[in-house]
Amino acid sequence: MEITNVMEYQAIAKQKLPKMAYDYYASGAEDEWTLQENREAFSRILFRPRILIDVSKIDITTTVLGFKISMPIMVAPTAFQKMAHPEGENATARAASAAGTIMTLSSWATSSVEEVASNGPGIRFFQLYVYKDRKVVEQLVRRAERAGFKAIALTVDTPRLGRREADIKNRFVLPPHLTLKNFEGLDLGKMDQAADSGLASYVAGQIDRTLSWKDVKWLQSITTMPILVKGVITAEDSRMAVENGAAGIIVSNHGARQLDYVPATISALEEVVTAARGQIPVFLDGGVRRGTDVFKALALGAAGVFVGRPVVFSLAAEGEAGVRNVLRMMREEFELTMALSGCTCLADITRRHIITEADKLAVMPSRL
């Protein structure tokens, strides 16, 4: 069967992967309300396309932190990619590079920063979890910088791991042949079997719950790489990120895997963008599955989007070719959405190209 959209890879991944692995990638926190909402919120945003505009040439290139990329669609950090496919993060790195876009490598990758960097040219960011042992963090940041990574995506929504019930039921643990490659030499590469989720226990033992804005300042003092704050979903924290010198914000609810009943990222995006006042770029991840989703995010002020689960599911299904295909389909759908909306470059996409639920409520009184 020919694959015609990004969502179709999920069913294939479910067939191919062991239950523990699939459930780890697919699940969200607790009731999984936000998991569903991350998708459904996109479907409540409608288009206001403009017609009779010459759309024979469409340019979707953009720059992110000064780096020119082919499209505003990038690869989000996802952990344990060799659990999906033997080539893991290396396959993803090659696919992102071939697509001319940015890959973000997870701290909890099953391939090291050096290994991923050896996959040839490409702009790569590094997602960082802050460990209790700051020497470990410092070492990791230095290694990423040395390996040519261009930015840090600092995850700020995980002082503790969210309650993912599938992982608890499955007693999730990293398969024995895999390790957290970036921590291998530090005796932090192995995850022990636990009475609940092995990952939850690992996080409880290693990740720093005291993390605060002063640590963002500390991070800036140890690296020249720009820092993106990943996990902002309110205007208040958007302002704080700007005030604390973040280079950008990623509006993210961690793929709905942390606190359930937070809004979908696409619903939180506009307040974060408004509060940032154009001082720093705002990106989005969570629930992006279609080119139409990308357009909606950009119309609401995002500078670009990151895609997570589709990368892992396509990797499980077809390796590097699968990830390439996901990036290609999303690119083509996005270009088509632009053409049909009457936009020839990203700057043409405006807030007037969409209508949200809030907009509908706002215009009601005048129609009474």
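Data block above holds the structure.
As the structure is a prediction and not an experimental result, all values here were calculated from the model. (Residues numbered from 1 in each chain as written. Predicted model: local features only at pLDDT ≥ 70, side-chain atom pairs only at ≥ 80, totals over all residues. Heavy atoms only, no water.)

**Some thoughts on the overall build of the protein chain**
Rules: Every helix listed is a DSSP run of H or I at least four residues long, and every strand listed is a run of E at least two residues long, numbered separately from the N terminus. The classification of residues rests on relative accessible area computed with a 1.4 Å probe and restricted to protein chains. Under 20% of the type maximum is buried, over 50% is exposed, and intermediate values are partly exposed. Any two residues having at least one pair of non-hydrogen atoms within 4.5 Å are treated as being in contact. In this description, accessible areas are obtained by the Shrake-Rupley approach with a 1.4 Å probe, and a residue is regarded as covered only by the protein chains that are shown. Positive residues here are Lys and Arg, negative ones are Asp and Glu, while His and the chain termini are left out of the count. For charged residues, the charge sits on one atom: NZ in Lys, CZ in Arg, CG in Asp, CD in Glu.
What the protein chain contains, in helices and strands, is 14 helices and 12 strands. On the principal axes, the C-alpha backbone points of the protein chain span a range of 65 × 50 × 40 Å. The buried share of the protein chain, reckoned over its 368 residues, is 56%. Summarising the internal contacts of the protein chain: among those between residues at least 6 apart in sequence, 73% fall at separations of at least 24. Counting every atom, the protein chain has about 15,500 Å² of accessible surface; 54% of that belongs to carbon and sulfur. Taking the 44 positively charged and 42 negatively charged side chains of the protein chain as two groups, their mean positions are separated by 2 Å.

**As for empty space enclosed by the protein**
Here is the rule we go by: A pocket, in this scheme, is an open set of points on a 1 Å grid over the protein atoms alone with protein on both sides within 12 Å along at least 5 of 7 lines, while a cavity is a set where a 1.4 Å probe fits but cannot get out; residues line either one if an atom lies within 4 Å of a point. Grid points are joined across faces, edges and corners, and a volume is the space filled by probe spheres set on the points. The nonpolar class holds Ala, Val, Leu, Ile, Met, Phe, Trp, Tyr, Cys and Pro. Asp, Glu, Lys and Arg form the charged class, and all remaining residues, Gly among them, are polar.
Inspection of the entire model under this criterion finds 1 cavity of 30 Å³ or more. Taken as a whole, the largest cavity encloses approximately 430 Å³ of empty space. Pro 77, Thr 78, His 254, Gly 255 and Arg 257 are, among the 29 residues lining the largest cavity, the residues nearest its centre. Elements supplying a minimum of two residues to the lining of the largest cavity: helix 2 (19-26), strand 11 (304-307) and helix 13 (309-341). Take the lining of the largest cavity: its biggest share by element is 3 residues, from helix 13. Classifying every residue of the lining of the largest cavity gives 14 nonpolar, 9 polar and 6 charged.

**What about the environment of Gly 66?**
Its place among the elements puts Gly 66 in the loop between strand 2 (62-64) and strand 3 (67-69). Relative accessible area serves as the criterion here: at 68%, Gly 66 is assigned to the exposed category. In this structure the C-alpha to C-alpha distance between Gly 66 and Asp 133, which are 67 residues apart in sequence, comes to 32 Å.

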